[in-house]
Amino acid sequence: MAQSETADERAFHVTPEEVRRLCEFLYRRTGMLFAEDKRYYIDRRLHERIVATGSSSFQSYFALLRSGLEGEVEHLVNAFTVNETYFFREEHQLRCMTNDLLPTVLRNKPPNEPIRIWSVPCSTGEEPYSIGIWLMEHFPAVDDYQIEIVGSDIDTRVLAAASQGVYGTRSLMKLPPSLIERYFENPSPGAYRIDAGLRNSIQFTEVNLVDARAVAQHQGFDIVLCRNLLIYFDDASRRIAAENLYEALRPGGFVCLGHSETMSRISSLFRVCRYPDAIVYQRPETERDND
Amino acid sequence: MPLVRRGTTPPPEPAVAEDRAHALEALRSADPDVRWNAARTFQNDPVGVVALAAALETEPVQRVREAIMTALMRIGTDASVKALLPYLRWQDAARRGAAIEALQSLPDAIAPFMSALLRDQDNDVRILAIELVRGMPAEQATTLLCRLLEHENHPNVCASAIDALADLGTEEALPILRACARRFAKTPFLPFAISTAIARISDTKG
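What you are looking at is a predicted structure, and each value in this text was computed from that prediction instead of being measured.

The rules behind the values
- Residues numbered from 1 in each chain as written.
- Chains lettered and ligands numbered in written order.
- Predicted model: local features only at pLDDT ≥ 70, side-chain atom pairs only at ≥ 80, totals over all residues.
- Heavy atoms only, no water.
- Helix = DSSP H or I, 4+ residues; strand = E, 2+ residues; numbered from the N terminus.
- Rg over C-alpha atoms; globule rule 2.2 N^0.38 Å.
- Buried < 20%, exposed > 50% of the residue type's maximum accessible area, 1.4 Å probe, protein only.
- Contact = heavy atoms within 4.5 Å.
- Areas by Shrake-Rupley, 256 points an atom, 1.4 Å probe, with all protein chains shown as cover.
- Lys, Arg positive; Asp, Glu negative; His and termini not counted.
- Charge placed at Lys NZ, Arg CZ, Asp CG, Glu CD.
- Domains from an automatic or database assignment.
- Buried area = accessible area lost by both parts, 1.4 Å probe.
- Salt bridge = Lys/Arg side-chain N within 4 Å of Asp/Glu carboxyl O.
- Core = buried A, V, L, I, M, F, W, Y, C linked by side-chain atoms within 4.5 Å.
- Nonpolar A, V, L, I, M, F, W, Y, C, P; charged D, E, K, R; others polar.
- Phe/Tyr/Trp six-rings, centres within 6.5 Å; stacked < 30°, edge-to-face > 60°.
- Lys NZ or Arg CZ within 6 Å of the ring centre and 35° of its normal.
- pLDDT = per-residue confidence, 0-100.

A. Quick peek at the overall build of chain B. Secondary structure assignment for chain B yields twelve helices and one strand. Counting from the amino terminus, helix and strand elements in chain B follow one another as β-α-α-α-α-α-α-α-α-α-α-α-α. Over its C-alpha trace chain B gives a radius of gyration of 22 Å, far above what one expects of a compact globule, namely 17 Å for 206 residues. Taken along its principal axes, the extent of the C-alpha atoms in chain B is 70 × 50 × 25 Å. Split into buried and exposed, the 206 residues of chain B put 48% on the buried side. Considering only contacts within chain B whose residues lie at least 6 apart along the sequence, 61% involve residues at least 24 apart. Just so you have it, chain B exposes about 9,900 Å², and 54% of that area is on carbon and sulfur atoms. Side chains of chain B give 23 positive and 26 negative charges; the mean places of these two sets differ by 3 Å.

Following this line, the structure appears as structure tokens:
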């Protein structure tokens, strides 16, 4: 209908082959698989990045991307990730953590060794902060152990927000007022900031779960929450992620997936554990347990 | 505050093989952890296919075998497919199943091999090949399965192909299915299966 194109629109004539090249690039870098059926999603984000970088065409944008200059790979990855979450999401898994997983972990844990919990992807921090709040409210032995919580994500933009720890009312919708009162400051109407003590207790790191070398910096965890990430991967990337989660866990450690995900169809590395509140996956204590 | 920031516990040194030469050597290590890490080093390195294929043949530990298969899947080249295909003939069902799973995830890479697999002398291999066809786009799968059905004489292989067509076939398969029903008129379960497949394909179309 429009008779004249804007400069943006001219830059955005992208062929299916160019989309395929971009998707292949993203896949190789992140394991995230986008196909033709996600064309609208891809086009929108690609358009944003072409405009944001001032590229004159897909070709010039793709050259910039492949050059690794200006942090464009990171910007593109940030644009393609989905980051919506809220506090106490899938609360039944938090209940499972304190009722069943931590007691199991503690049975074999040497004294003075910290409990380590990893939230990946952590998005803007709701999940790792939820773990912290949940433990302080529901784990009676919370004062007897050093507990380390690490939140990681591939998207550096959300990690910066997670460190800030400022949330709107929508993120807090499942938290009772008493917990909001106890763990949040309310600097301005509609804005809630995690109190400094909790904020300073959680470490946030960048990680790509299909990059073994990056995950190698995240090891020795007792519990990993990896929810609603594997659904974005293809079979090969899911298996790599499963191997990396296995490697990140201590023997006997647990991984919790999202309610629509199952490890059994991805990998036989883990043992399925059915607890009253959740199905979780355990790294076997010994090699023999798994063979 | 009982929660503490990480940093008090230095992460253990990763056992990831640092370079390709080291990783090639590590694939033959006596330590399964070293072999596991070596296999994972090759996840994006097509040069590793030959070494991975050799390691897969003798690897006794399931976890390491899985890592090798994962690396071959991720590399996803013709060479990966060639490394995995021999396991379709393997007696060990676990390895055979793992190979099928890996090959199913590579529909583009296996496409050039499918015609030969569907003509294999071994009935069981042809049946497994049909399982691989299931992972391919419907039109391509229909063409391959129809070609098979035109000449296939083994009723169990035909039954597998008919079952696959019932799930993903397009209407191009209908005349081939009817001809197959006539050819196997004395094997009652096949015409019955074919009538079901025809009804499902026609329903999908309608």
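More follows now that the structure is in view.
B. Representation of the overall build of chain A within the structure. The secondary structure content of chain A amounts to 13 helices and ten strands. The C-alpha atoms of chain A give a radius of gyration of 21 Å, which matches the 19 Å a tight globule of 291 residues would have. By its C-alpha atoms, chain A is 70 × 55 × 30 Å across when sized along the principal axes. Taken over 291 residues, chain A has a buried fraction of 56%. Pairs at least 24 residues apart make up 73% of the contacts formed inside chain A by residues separated by at least 6 positions.

C. Representation of the domain arrangement of chain A. Residue and element names in this part refer to chain A. As far as domains go, chain A holds domain 1 (2-80) and domain 2 (91-282). Spacing between the C-alpha centres of domain 1 and domain 2 amounts to 32 Å. Contact with domain 1, which involves ten residues of that partner, is made by eleven residues of domain 2. Taken over both partners, the interface formed by domain 1 and domain 2 buries close to 880 Å², and the fraction arising from carbon and sulfur atoms is 49%.

D. Layout of the pattern of salt bridges. Residues and elements named next belong to chain B. Under the counting rule described, the total for this entry stands at 27 salt bridges over all chains. The shortest N-O distance in the salt bridge between Glu152 and Arg126 comes to 2.7 Å. Separated by 26 residues along the polypeptide, Glu152 in the loop between α9 (138-151) and α10 (155-168) and Arg126 in helix α8 (residues 123-133) bring together distant segments of the chain. Residue class for Arg126 comes out buried when judged on its relative accessible area of 8%. When the shortest N-O distance is used, the salt bridge between Asp167 and Arg200 registers 3.0 Å. Placement of the pair is Asp167 in helix α10 and Arg200 in helix α12 (residues 189-205), with a sequence separation of 33 residues. Overlapping salt bridges bring together Glu131, Arg134, Asp163, Asp167 and Arg200 as one network.

E. A look at the nonpolar core. Among the nonpolar cores identified, the biggest contains 120 residues, and Leu22, Trp118, Val255 and Phe270 of chain A together with Met114 and Leu177 of chain B are the most heavily contacted of them. Contact partners of Trp118 of chain A, with chain neighbours within four places excluded, come to Val150, Ser152, Val207, Leu209, Val215, His218, Phe221, Ile223, Val224, Leu225 and Ala248 of chain A.

F. The arrangement of the interface of chain A and chain B in detail. On the side of chain B, 34 residues touch chain A, which itself brings 46 residues to the contact. Buried area between chain A and chain B, both sides added, is near 3,600 Å², and the carbon and sulfur share of it is 47%. Three residues, Arg28, Arg239 and Glu243 of chain A, lead the burial of chain A against chain B; their summed loss comes to 18% of the area buried on that side. Contributing elements (two or more residues each) for the side of chain A that touches chain B: α2 (16-30), α7 (126-138), β2 (147-153), α10 (196-199), β6 (202-206), α11 (212-215), α12 (235-248) and α13 (287-290) of chain A. In terms of residue count, the dominant contributor to the side of chain A that touches chain B is α12 of chain A (nine residues). Its residues placed into classes, the side of chain A that touches chain B shows 19 nonpolar, 15 polar and twelve charged.

G. Layout of helix α5 (residues 72-80) of chain A. Residues and elements named next belong to chain A. For α5, the tally of buried residues reaches seven of nine residues, placing the bulk of the element in the interior. Restricting attention to buried positions, one finds in α5 the residues Glu72, Val73, Leu76, Val77, Asn78, Ala79 and Phe80. Each element contacted by the buried residues of α5 is listed here: α2, α3 (39-53), α4 (58-67) and α8 (156-164).

H. Highlighting the packing of aromatic side chains. Under the criterion given, the structure shown has 15 aromatic pairs over all chains. An angle of 70 degrees between the planes, with centres 6.1 Å apart, marks the rings of Tyr41 of chain A and Phe80 of chain A as edge-to-face. Of this pair, Tyr41 of chain A sits in helix α3 while Phe80 of chain A sits in helix α5; the two residues are 39 residues apart in sequence, bridging distant segments of the chain. When the ring centre of Trp36 of chain B is taken as origin, the NZ or CZ atom of Arg63 of chain B, which lies over that ring, is 4.8 Å away.

I. Just the confidence of the model for chain B, in detail. Residue and element names in this part refer to chain B. Overall, the predicted model of chain B reaches an average pLDDT of 88, with 91% of residues at or above 70. For chain B, per-element mean pLDDT is lowest for strand β1 (residues 3-4), which scores 74, and highest for helix α11 (residues 174-183), which scores 96. The low-confidence segment residues 7-11, where pLDDT is below 50, has six contacts with residues more than four positions distant or belonging to other chains. In the model, residues 13-17 has pLDDT below 50 throughout and makes eleven contacts with residues more than four positions away in sequence or in other chains. Interface predicted TM-score (ipTM) for the complex: 0.73; the corresponding pTM is 0.78.

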